[in-house]
Amino acid sequence: SDSGSDSEDSSLSDSELQEAFARGELKPGLNVVLEERPKRRNDTEGLKQCLAEFSKQLSWVERLDVTLGPVADPVSQSASTSDAVDPENDFQREMSFYRQAQAAVLEALPRLRKLQVPTRRPDDYFAEMAKSDQQMQKIRQKLKSKQEAMERSEKAKQLRAMRKYGKKVQVEILQRRQKEKKNMLNAVKKYQKGLSDKLDFLDEEQTSSQGNKKGNASQRTKKGPNAKRRYKNQKFGFGGKKKGSKWNTKESFNDVSGFQSKVAHNKGPRKGGRGGKGGKKALNKRPGKRARQKMKNRAR
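Residues numbered from 1 in each chain as written. Predicted model: local features only at pLDDT ≥ 70, side-chain atom pairs only at ≥ 80, totals over all residues. Heavy atoms only, no water.

The protein chain appears in an unreviewed UniProt entry as EBP2 protein from Malurus elegans. Heading Function (unreviewed entry) of the UniProt record for the protein chain holds this comment: "Required for the processing of the 27S pre-rRNA." In its Subcellular location (unreviewed entry) section, the UniProt record describing the protein chain reads: "Nucleus, Nucleolus". (UniProt positions renumbered as here; feature names shortened; annotations may be inferred.)

Below, the structure is given as structure tokens:
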């Protein structure tokens, strides 16, 4: 009997499927019968009852909850509601959060002071750090190494820029010299071929060389002695002029105050023997070697 009932149910289901397929209600794919979704409802009373079951009746100092709206805007002198704040505007949204936090602080601080709860950290407050000193030392070393690496890279960058600038200046100088040389060679060729009878390029070369010499001389005079030379001059003195110190000058040539006419014209007393040299030194002159030898022989 059970097998017969099963066959009837299967035959009925097959017939129903065939009829549904004929009507076009069946489509290719897996057909699943969906149950009707339950309707949602806002059970306010049930939610309140559930909240009352697990909520704890604690004092406010244990909860520290403050629910307030934003404080009055100092510009408009009115508290802006949530509808007036544009959620897409970042500045308005953050300012509304800030004013709401201000209102909570203004409400909570007097209540805490009334309950004699300290709100400021004392000067001698000491709290253990979340990280150990070894970890903080590693962090300091890491930061120091990063800073040194940045300084090294900055110095290397500056050196590269200076080298690049130096190469650029050197290339410009070489190009200018090549251009001047090329112009001079062209002028020489024109003069040799008789196309030009001017020798201005020689004058330009001479003036340029003289200008370079003057520039170098001015640089040398402007530079002056180095620090070591200045220190030695200060310590030992300059010592006066050595080379050319006996040369006549215009002033010494015109100065005749020390002129003696008798000495100049051989009228004064002579000093020494022949040729004005010798004198007492000539009289006390030591005899020669042979004369001394003869004197020794006579003494024997």
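A. Layout of the packing of aromatic side chains. Tallied over the full model, the rule gives zero aromatic pairs. Sitting above the plane of the Trp60 ring, Arg111 keeps its charged end 3.9 Å from the centroid. (Phe/Tyr/Trp six-rings, centres within 6.5 Å; stacked < 30°, edge-to-face > 60°. Lys NZ or Arg CZ within 6 Å of the ring centre and 35° of its normal.)

B. Representation of the side chain of Ser96. On the secondary structure map, Ser96 appears in helix H4 (residues 90-114). For Ser96, the side chain forms a polar contact with the main-chain oxygen of Arg93, separated by 2.5 Å. (Helix = DSSP H or I, 4+ residues; strand = E, 2+ residues; numbered from the N terminus. Polar contact = N/O pair within 3.5 Å; in protein donor to acceptor, adjacent residues only side chain to side chain.)

C. Spatial organisation of unusual backbone geometry. We note that Leu64 has phi near 55°; this positive angle belongs to a residue other than glycine. Tracing the sequence through the fold places Leu64 in the loop between helix H3 (60-63) and H4. Unusually for a residue other than glycine, Gln116 sits at a positive phi of about 60°. Residue placement: Gln116 occurs in the loop between H4 and helix H5 (133-193).

D. Representation of the pattern of salt bridges in the model. A full pass over the atoms with the stated rule returns two salt bridges. Here Asp65 ties to Arg63 by a salt bridge, and the two come within 2.7 Å at their closest N and O atoms. Residues Asp90 and Arg93 are paired through a salt bridge, measuring 2.8 Å at the closest nitrogen-oxygen approach. With Asp90 and Arg93 both in helix H4 and three residues apart, the pair spans about one turn of that helix. Residue classification places Asp90 among the partly exposed residues on the basis of a relative accessible area of 49%. We classify Arg93 as partly exposed; its relative accessible area is 25%. (Salt bridge = Lys/Arg side-chain N within 4 Å of Asp/Glu carboxyl O. Buried < 20%, exposed > 50% of the residue type's maximum accessible area, 1.4 Å probe, protein only.)

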